[in-house]
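# Survey of secondary and tertiary structure
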Amino acid sequence: MSEAVPFTDNIRDLSNTQGYQFEFHCERCGNGYRSAFERDLRETGQNLVRGVSNLFGGSFNNISNAADRLLDRGTNSAAKDKAMRTAVNEIANRFNQCRGCGDWVCGEICWNGQVGQCARCSPIATEEIAQLQAEARRRQIADQLQNTNLTQGLDVGRQAQPRCPSCGAQALGGSFCGECGSSLRQEKTCGSCSTVNPAASRFCCGCGNGLT
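Residues numbered from 1 in each chain as written. Predicted model: local features only at pLDDT ≥ 70, side-chain atom pairs only at ≥ 80, totals over all residues. Heavy atoms only, no water.

## Re the environment of Cys 167
For clarity, the cut-off: Strands are runs of DSSP state E lasting at least 2 residues, helices are runs of H or I lasting at least 4, and numbering of each runs from the N terminus. Only protein chains enter the calculation, and the probe is 1.4 Å; a residue is then buried if its accessible area is under 20% of its type maximum, exposed if over 50%, and partly exposed in between.
Examined against the element boundaries, Cys 167 turns out to sit in the loop between helix H4 (125-146) and strand S10 (187-189). Residue classification places Cys 167 among the partly exposed residues on the basis of a relative accessible area of 41%. It is 7.8 Å that separates the C-alpha atoms of Cys 167 and Glu 179, two residues lying 12 residues apart in sequence.

In structure tokens:
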């Protein structure tokens, strides 16, 4: 019976026709490591056979075709199992499997060595306190803003005029346009009869008095 190949569910096969390589990632933060690329010696030898067959042709082509069939039968077999086992041994010490949730996590960031579980199941005390402090600050800032007057000095009762009615420039507040100096008010109040008129009016519609 052949030897079992170590297996983890956080492994990704990056192997190609030139050789073998595997990537392992943390199931909490997503950070990962790649094993060293291991060249497939059979593929290297096969490339040499192909080169010779292309140079001489004839019977050498038959040898090249036989080598191709041999490599196809050997794909994902003992050579790849050996390469995967080597990769697991190379990277394994960087990961730990949590007995709480079963995830494989990186030892540098996501492993709580004091309790032998991942930082999701057993949060690291200092990190948890820092996060709760940040959340508390956000809540306190929001509560403080609720009691802070942010509209002091603004005439919130007057209809806002986003653009100057005279030149069309963007209005940034105030009573007059910063581009042409025209009034930003949408209405004119007559000084004689107090009638409210449209901003473009030159004379009062109530008494005919001239408007400025």
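## Details of the environment of Cys 29
Keep this limit in mind: The contact rule is simple, with two residues in contact once any of their heavy atoms fall within 4.5 Å.
Summarising the element assignment, Cys 29 is placed in the loop between strand S3 (22-25) and strand S4 (32-34). On the basis of relative accessible area, Cys 29 is assigned to the partly exposed category, the value being 34%. The contact partners of Cys 29, leaving out residues within four places of it in the chain, are Cys 106 and Cys 110.

## Quick word on the nonpolar core
Quick note on the threshold: What is meant by a nonpolar core is a set of buried Ala, Val, Leu, Ile, Met, Phe, Trp, Tyr and Cys residues, joined one to another through side-chain atoms within 4.5 Å.
Judged by nonpolar contacts, the single largest core of 17 residues is most densely connected at Phe 22, Phe 24, Cys 26, Phe 95, Val 105, Cys 106 and Cys 110. Counting residues per element, this core draws most heavily on helix H3 (residues 78-91), at five residues.

## Brief notes about the side chain of Asn 197
Just so we agree on the cut-off: By the criterion applied in these results, polar contacts are pairs of N or O atoms within 3.5 Å in which, for protein atoms, one can donate a hydrogen and the other can accept it, and in which residues neighboring in sequence qualify only through two side-chain atoms.
Checked against the element boundaries, Asn 197 lands in strand S11 (residues 196-198). Here the side chain of Asn 197 touches Thr 195 through a polar contact of 3.0 Å, landing on its backbone oxygen. At 2.8 Å, the side chain of Asn 197 forms a polar contact with the backbone nitrogen of Cys 205.

## Here we look at the confidence of the model for the protein
Counted only if it meets this: pLDDT gives the predictor's per-residue confidence on a scale running from 0 to 100.
Summary statistics for the protein give a mean pLDDT of 79 and a share of 76% for residues scoring 70 or more. Across residues 58-74, where pLDDT falls below 50, the model places 15 contacts with residues more than four positions away in sequence or in other chains.

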